[in-house]
Amino acid sequence: MANSKYEYVKCFEAEDEVMYPNIIVVQIDGRDFGSFSEKQGFEKPNDEKALNLMNACAIKVLENFSDVIFAYGFSDEYSFVLKKETTFYQRRASKILSIIVSFFSSTFVTKWKEFFSQKELSVSPSFHSRVISCASMEVLQAYLLWRQTECHTSNLYNTCLWKLVVSGKSKKEAKEILKGTHKQEKNELLFQQFGINYKDLPQIFRQGSCAIKIKVEDIVKYRENGTPVKRLRKKAVIVHSENIATKGFWNNYSCLTEELGLLAEGINKIKPEYLRSFQFESKLMLSTWIVVRIDGCHFHRFCEDNGFQKPNDEQALNLMNSCAVSLLEMFKDIIFAYGVSDEYSFVLKKESLLYQRRPSEIVSAIVSLFSAMYVMKWKEFFPEKEFKEPPYFDGRSICYPSSEILRDYLAWRQVDCHINNQYNTCFWLLVKSGKSRTEAQISLKGTQTQEKNELLAQFDIDYNALPIMFRMGSSVFQDKDELTGNDEVVVEHCNIIDTSFWKEHPRILDEEEPLLTILRPHSNKMLRLS
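A quick note: this is a predicted structure, and the numbers were derived from the prediction, not measured.

Points about the UniProt feature "domain: tRNAHis guanylyltransferase catalytic" (unreviewed entry) in the protein
Under the UniProt annotation, the feature "domain: tRNAHis guanylyltransferase catalytic" (unreviewed entry) is placed at residues 6-133 and 273-401. Strand forms 22% of residues 6-133 and helix 37%; the C-alpha atoms that close the span are 34 Å apart.

Structural notes on the domain arrangement of the protein
Domain annotation of the protein identifies domain 1 (7-214 + 236-278) and domain 2 (289-504). Taking the mean C-alpha position of each, domain 1 and domain 2 sit 34 Å from one another. In total, about 2800 Å² of surface goes out of reach between domain 1 and domain 2, with carbon and sulfur atoms giving 60% of it. Here domain 1 and domain 2 share 5 salt bridges between them. Glu389 is the salt-bridge partner of Lys60, the closest N and O atoms lying 3.2 Å from each other. Here domain 1 and domain 2 share 15 residue pairs in polar contact (both at pLDDT 80 or more) between them. Elements that contribute at least two residues to the side of domain 1 that touches domain 2 include exactly helix 2 (48-64), helix 3 (93-115) and strand 4 (127-134). Among the elements that line the side of domain 1 that touches domain 2, the one with the most residues is helix 3, at 13 residues. Considering only residue class, the side of domain 1 that touches domain 2 consists of 14 nonpolar, 12 polar and 8 charged.

Here's the deal with the packing of helix 4 (residues 137-166) against helix 6 (residues 183-194)
Orientation of helix 4 relative to helix 6, taken along the N-to-C sense of each, is 35°, at an axis distance of 10 Å. Remark: the crossing between helix 4 and helix 6 carries left-handed chirality. Every residue of helix 6 that contacts helix 4 at His152, Leu156, Tyr157, Thr159, Cys160, Lys163 and Leu164 is listed here: Lys183, Lys186, Asn187, Leu189, Leu190, Gln193 and Phe194. Of the residues in the contact of helix 4 with helix 6, the class split is 7 nonpolar, 4 polar and 3 charged.

Looking at helix 13 (residues 359-381)
Taking 1.5 Å per residue, 23 residues should reach 33 Å; helix 13 reaches 32 Å between its end C-alpha atoms and fits that length. Of all the bends in helix 13, the greatest measures close to 35° and is centred on Val375. Counted residue by residue, helix 13 has 20 buried out of 23 residues, so it is predominantly covered.

Analysis parameters
- Residues numbered from 1 in each chain as written.
- Predicted model: local features only at pLDDT ≥ 70, side-chain atom pairs only at ≥ 80, totals over all residues.
- Heavy atoms only, no water.
- UniProt positions renumbered as here; feature names shortened; annotations may be inferred.
- Helix = DSSP H or I, 4+ residues; strand = E, 2+ residues; numbered from the N terminus.
- Domains from an automatic or database assignment.
- Buried area = accessible area lost by both parts, 1.4 Å probe.
- Salt bridge = Lys/Arg side-chain N within 4 Å of Asp/Glu carboxyl O.
- Polar contact = N/O pair within 3.5 Å; in protein donor to acceptor, adjacent residues only side chain to side chain.
- Nonpolar A, V, L, I, M, F, W, Y, C, P; charged D, E, K, R; others polar.
- Axes fitted to C-alpha atoms, helices over the stretch in contact; angles between N-to-C directions.
- Left-handed = near helix turned anticlockwise from the far one by under 90°.
- Contact = heavy atoms within 4.5 Å.
- Expected span 1.5 Å × (residues − 1).
- Bend = angle between axes of the 7 residues up to and from the residue.
- Buried < 20%, exposed > 50% of the residue type's maximum accessible area, 1.4 Å probe, protein only.

Structure (structure tokens):
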């Protein structure tokens, strides 16, 4: 990122490294998936196609991220286990949970048609994610047993519930019948009233699904005489097991014992409240501005694979803006967003209690929904293009104590927009003129703004005449429609460093100018001290 006087705002970013040797588990679960499944017409109590779609997404996660070696899922939930020695994104919790949930979300939308060829996605799916920091193999074993036990318990209950509903009971009546019943009573209800032996139901419903890497022989080439040359490689597959938290299951897969370790003989009693204590979580400070910044992962490669124009692709930027608009429409606590290139910053109102201010819940919901919307809206902006690999983003949350520091943060991002855009405009002009990328980098090394403007003039380009979206980025916020007087989310390309923008839109930060004036000298003093 570019250097500027606003860089001090980076000191507010908190470190969230998961300490070694704790084993990192990323648990994702559907956000409002009850409503989502109803709108999409999923079968009750289980939709096999939907479960297979979840499994396909899990396989894709294991294929894309080599550090993820095992996953367990049921219903709208999946838990991904990273190898013990992982240094994936420096073991930073926010990075890891946001990347996995973003990739899972965009893959879910991308693969939707493979499983529901006759159904259109009417609403965007999204997921929450959190990090579980397992202090030992015993904790991991207990965690996996807990999740598989939850799979069985919830599936048995839901199977009974929906059988009763289909037989003519109302949902309320069915719940009343099942209230206080135990496992044996539910099994008897299924068998006696509906002729169903619970153990005969599909494994995927009763046991959940494991995504795991196994070693398989693969033909890499053929010799001159036509005989194949084979090599062992890792392949992600789905398996089902009655008890995944046992030595018998674990020892069948060398990748688990090699990358994680051995399991104990077995455990019977688990306390969910004990396991929840290993959730890597805190709450963001009250009465501070929350900013969630998302950033495209490996977007240089994504842009090249999809033939984006250099240095800026207007349609790609408009797609990012459209996704940001959707988020402001869906999350009323987001009052402002600023975006440039493959990055967006979302500002939540100071008094927000969204998800009880839990950073993992806030970040994952925003990055997941943004990723899913990006894929859903792709054809609106690129009707002739199919992307090769799903796009995904990382995310983080930062708290800023005052309006002025928040504005300095946004100013930092806009300064960064200008510096990077000017550099990239020069760089790609030089490349298109015949220089190699290395030669272009050498030509621009150490140059200042004026020198870059002079270089652009050699190509008959006035930097200030370039499209304002490229130079200033995009600001998204609610404003009153002049004709109707109703609030609507708008996208503007304006100077947010200048205080006149905030004076013209006082409702965004919801503070009166006298207060800002009082805060400013004190904040400047703090800046000098830092």
